Every structure is written in C-alpha cells, then in structure tokens.
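This is what each chain is made of:
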Amino acid sequence: MSNVFHRSCHGSLPVAVGGEGVYLIDSTGKRYLDGSGGAAVSCLGHGHPAVIEAIQKQVGSLAFAHTGFFTNEPAEELATFLADRSPGTLNHVYFISGGSEAAEASLKLARQYMLEIGQPKRCRFIARRQSYHGNTVGALSVGGNMARRVPYAEMLIDVAHVSPCYPYRDQGPGESDADYVARLAAELDAEIERLGPETVLAFVAEPVVGATAGAVAPVLGYFKAIREVCDRHGVLLILDEVMCGMGRTGTLFACEQDDVIPDILYTAKGLGAGYQPIGAMFASEKIYGAIRDGSGFFQHGHTYMAHAAACAGALAVQKVIEGDGLIENVRRQGDTLDAALHERFGNHQHVGDIRGRGLFRAIELVADRASKATFDPSARLATRIRARAMDEGLVCYPGSGTIDGRNGDHVLIAPPFIIRETEVAELVDKLGRAVDGALADAAA
Ligand code: PMP
C-alpha cells in the first residue's frame, strides 16, 4: 500500500530505484529503456556523474538562500550561460521550479508589461486548440487540452483559441505551405479583430506541440507570419518551449528553426534534465526594460525561485550537453530514429503519420489510413500501449486524441540525447511490439 498520492488512485506502479544512461531500473532489477525521458525530461539520461557531483557540491556549500535577500552564484552563472545562447534580446532569465510556474510567470509578465506601457485594457490571451501549457489555473486556461481542461472549465479564465498548425489533418490537399500559413495567419488576425485589438495581450503557442498531439512541428513560415500579425496589432508573442526546448529538436531553442524570436519564451524539462526541478522564463529587452524603467519590480515570485541547488544541477547539465556535443547527436540520432520509425511503421495500417524534429518524434495512430479516422476512445489505445511498453521494458509517452476528439492517439518518443544507434533500434523494436500488442488487445 502506497501512501504517496499519485495521479492514478488505482493500480500499483513499479518502484524506480536507479538509472544508468538511457535505462531506468526498478526494485525487481527490471530495466526499462527510457524512450521518452519520462515526459521529455531526462535528456541527459540517468546517473550522470558530473551532474550528481555538481549538485552534491552545491548542497554542501549553499542549498538555498531566499531571492528576497540574496542572489547566488549558480543562478548568476546559469543565467549568463543561457543569455549568451538565447536568440535576439531574450537575455533576462527568471528561474522557477517547473513548466507551469514558468507559464504563469510569462502570462503575468506580459500583463505587467502592458500596464507599464499604459495599455491596461489589454488582458486577453489567444492560444491554440492543440496545446498544453501546464496544469495551474492560468496555464490550464491558455492550454487547449480538453481532457485536462474539462473538469475545471468553469473556473478557468476566458481565453480565445484558434487552430493549430497541424499539417497532417488540416493542410488541404494541394494546399501549398504558403497558402496554409496565410490561412492560419488570417484566422489569428480575424480573432484579434473580433476581440478588439486594444484588448489583446499575447498569443501563446508551443513551437513544436508536445503532449497534446505528439511532436507536431509547424510548416516553415508559420511562426514568421504569426509574428507579423501579432506585431501589427501590438500583441506579444509568448513561446512555450517547456518540452521542445533545450536542444530536444536539434537546436538549443526550437524557435531558431522557425526564424522567429518571441517577446517571452519559457522552458523547463530539459533544462535540469530531471536532476533538479527547474524552469526558466526569458524576457526580451523590450519587456524587461519597460518594467525596469517603470515600476522597477515584477509583481510575482515563488519561494524556490533561482534555487541554488537546482541552478547548479541545470548548469552542470547544460555544460555537459554543450561540452559533449550532444545537440549534434540529437540531430544525428534524430535522423536515425526517423528512418527506423519509417521502416517499422511506414506501411503499418494503423499508423497515419510519423513526424517531429530531432529527438522529438511521434507516431499518430488511426483506425483507417485513407480516411484518417481515429480509434474510438473506448479502445483506450494510449493506456494499452503504455502498459504493453512497460511490459516490454520501454518507457514511451502515449496520449489520446484530444483536440475536440479530432486527432488520433499518438505515441511521443523523446529519448535522452546520449542515445546510440543500437539503442534507437531497441527502442523502435520494443515500440513496434507494444503498439501491435495494444492493437491486438483492443481488438480482442
Ligand atoms: N508546457 C508544456 C509544453 C509542457 O509539455 C508541460 C509539461 N508537460 C508544461 C508546460 C507544464 O510543465 P510542468 O509539468 O513542469 O508544470
């Protein structure tokens, strides 16, 4: 009997006791290939000695000093490290404990910016239906993950949602990328006009969609067009790189591949790679400067922000990733993974799409490839795949269809950046058996 209040109140979970490289080990000694880094978290794998040593050393000298009174060395060093590598003027880095806190900080920073520049009527956010931005009330409000929103719908803030960029299902047959982009940009433009541009604060999106639909990358040109619409109306652009950031897609920041620089960007998972809980929000000079020269104080904060041990852990992670050239490995093994997924699932009658960037990949499952019909939710395919994969000794991250029930179930693959070719082959092999086993279970 567990006294830990886990997400599920039913069933027992294996007890994780250790980890080595891309593998996790439970209390029976069973090994699991961590094919999704949990939920795209463990980008450096498990048990990395340099990271463990850095955290131990930091805790030995200073674990915590409240930011109301002090700054600390690892926070300063990590902020400089990140600012030196961030796009544009996103040089002002605010540390919190995870993705949802980063989302809340970003929404509130955007609002305070509008107050500082004398536009107090701007208080509406626009986001996309295919999105997840966190589970706290503000973050959940901007998110479009219906399953997670529904129980709390009445208590959420009123956010407008527009279409995502979802080429597999939404790009018309024969529609060029340019026409598709123009259509989506026009939709955002119309939504801003409908709400009244003077009331709109920011547009929020994940550059590559994670948990809601599985590694959905936009067509090139999409974010550039979105940025232009936002600029035309004085609306800020906030990008959520909690899952897709910190090298996961083959560049340190996913938005670098989309030729766009947001006003505010936030990230989390891969930053500390699971060794410590940490998230970061990046503010551009325009945003930071308005607050510095205005009230001089961001009206927000959390007890554990810029936590010294968390920052020391994240700094060690980021130095290893850079020092060992692991983002190059993301690109290289990302191509290997993509090829292996196509080889295994390219002709699979229930795999409609294989997509993603770098080591952020997914397959989308369909009942019928030609019509792209989804499986009925009662088939509980995602749950079955998760269970079958765990039996196989594979951690992957399946999700069920969520944008208005229109997209199919998917499986997200996001292995550690240290993965090798033989491990990619093992991953896809186990995934193939898990998917086929789950489909057989659902049909039985
Ligand atoms: N944004 C995105 C894109 C995410 O994937 C997640 C976590 N799945 C969050 C925000 C929330 O992060 P956290 O769970 O650390 O609060």
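Conventions adopted
Residues numbered from 1 in each chain as written. Predicted model: local features only at pLDDT ≥ 70, side-chain atom pairs only at ≥ 80, totals over all residues. UniProt positions renumbered as here; feature names shortened; annotations may be inferred. Helix = DSSP H or I, 4+ residues; strand = E, 2+ residues; numbered from the N terminus. Expected span 1.5 Å × (residues − 1). Buried ≥ 20, exposed ≤ 12 C-beta atoms within 10 Å, placed from the backbone. Contact = placed C-beta atoms within 7 Å. Pairing = 2+ DSSP bridges. Axes fitted to C-alpha atoms, helices over the stretch in contact; angles between N-to-C directions. Near = placed C-beta within 6 Å. Nonpolar A, V, L, I, M, F, W, Y, C, P; charged D, E, K, R; others polar. Parallel < 35°, antiparallel > 145°, perpendicular 65-115°, else oblique. Left-handed = near helix turned anticlockwise from the far one by under 90°.

- In the annotation of an unreviewed UniProt entry, the protein chain is listed under the name Adenosylmethionine-8-amino-7-oxononanoate aminotransferase and assigned to Oceanibacterium hippocampi.
- Word for word, the UniProt comment on the protein chain under Sequence similarities (unreviewed entry) is "Belongs to the class-III pyridoxal-phosphate-dependent aminotransferase family."

## Points about helix 12 (residues 308-323)
Stage number 1. In this model helix 12 runs 22 Å from its N-terminal to its C-terminal C-alpha over 16 residues, within 8% of the 22 Å that 1.5 Å per residue would give.
Stage number 2. With 12 of 16 residues buried, helix 12 is to be regarded as a mostly interior element.
Stage number 3. Looking at the buried positions of helix 12, the neighbouring elements they touch are helix 2 (49-61), helix 3 (73-85), strand 4 (92-96), helix 10 (269-272) and helix 13 (326-345).
Stage number 4. Of the residues flanking the end of helix 12, it is G325, one or two places downstream, whose phi is positive at about 60°.

## Regarding the sheet that holds strand 10 (residues 279-283)
Either a parallel or an antiparallel arrangement is found when strands of a sheet pair, and the pairing is made through backbone hydrogen bonds.
Stage number 1. Pairing in this open sheet of seven strands is mixed, and the strands run 4-10-9-8-7-5-6 from one edge to the other. Each end of this open sheet is capped by a strand with a single partner; those strands are strand 4 and strand 6 (160-162). Strand after strand, the sheet turns through a mean of 20° between neighbouring axes, direction not considered.
Stage number 2. Bridge count between strand 5 (residues 124-128) and strand 6: three bridges; the pairing is parallel.

## A short note on the pairing of strand 1 (residues 16-20)
Stage number 1. By the bridge criterion, four bridges tie strand 1 to strand 2 (residues 23-26) in an arrangement that is antiparallel. Each residue of the ladder has a partner; that of E20, found in strand 2, is Y23.

## Comments concerning unusual backbone geometry
Stage number 1. With a phi angle near 60°, M246 is a residue other than glycine that sits in the positive phi range.
Stage number 2. By the element assignment, M246 lies in the loop between strand 8 (236-241) and strand 9 (264-267).
Stage number 3. Backbone geometry at R380 places phi at a positive 45°, although glycine is not the residue there.

## Quick notes on the environment of A306
Stage number 1. Looking at the secondary structure, you find A306 in the loop between helix 11 (285-293) and helix 12.
Stage number 2. In this structure, the C-alpha to C-alpha distance between A306 and A280, residues 26 residues apart in sequence, is 9.0 Å.
Stage number 3. Once residues lying within four places of it in the same chain are set aside, the contact partners of A306 are T67, N72, A75, F95 and C311.

## Concerning the sheet that holds strand 12 (residues 360-365)
Stage number 1. On the basis of which strands lie adjacent, the open sheet formed by four strands has the order 11-12-15-14 and antiparallel pairing. Among the strands making up the open sheet, the edge pair consists of strand 11 (351-357) and strand 14 (397-399). Strand-to-strand twist of the sheet, defined as the mean angle between neighbouring strand axes without regard to direction, takes the value 20°.

## Concerning the site of the ligand
Stage number 1. In the vicinity of the ligand lie 15 residues, with G98, G99, S100, G134 and V242 positioned nearest.
Stage number 2. At three residues, helix 4 (residues 99-116) tops the list of elements feeding residues into the shell around the ligand.
Stage number 3. Per-class residue counts for the shell around the ligand are seven nonpolar, six polar and two charged.

## Overview of the packing of helix 13 against helix 15 (residues 421-443)
Stage number 1. With their axes 10 Å apart at the nearest point, helix 13 and helix 15 run at an angle of 30° to one another. Between helix 13 and helix 15, the angle is such that the two are roughly parallel. In this structure, the crossing between helix 13 and helix 15 has a hand that is right-handed. Residue-level contacts link Q333, T336, L337, A340, L341 and R344 of helix 13 to E421, V424, A425, V428 and G432 of helix 15.
Stage number 2. Of the residues belonging to the contact of helix 13 with helix 15, the class tally is six nonpolar, three polar and two charged.

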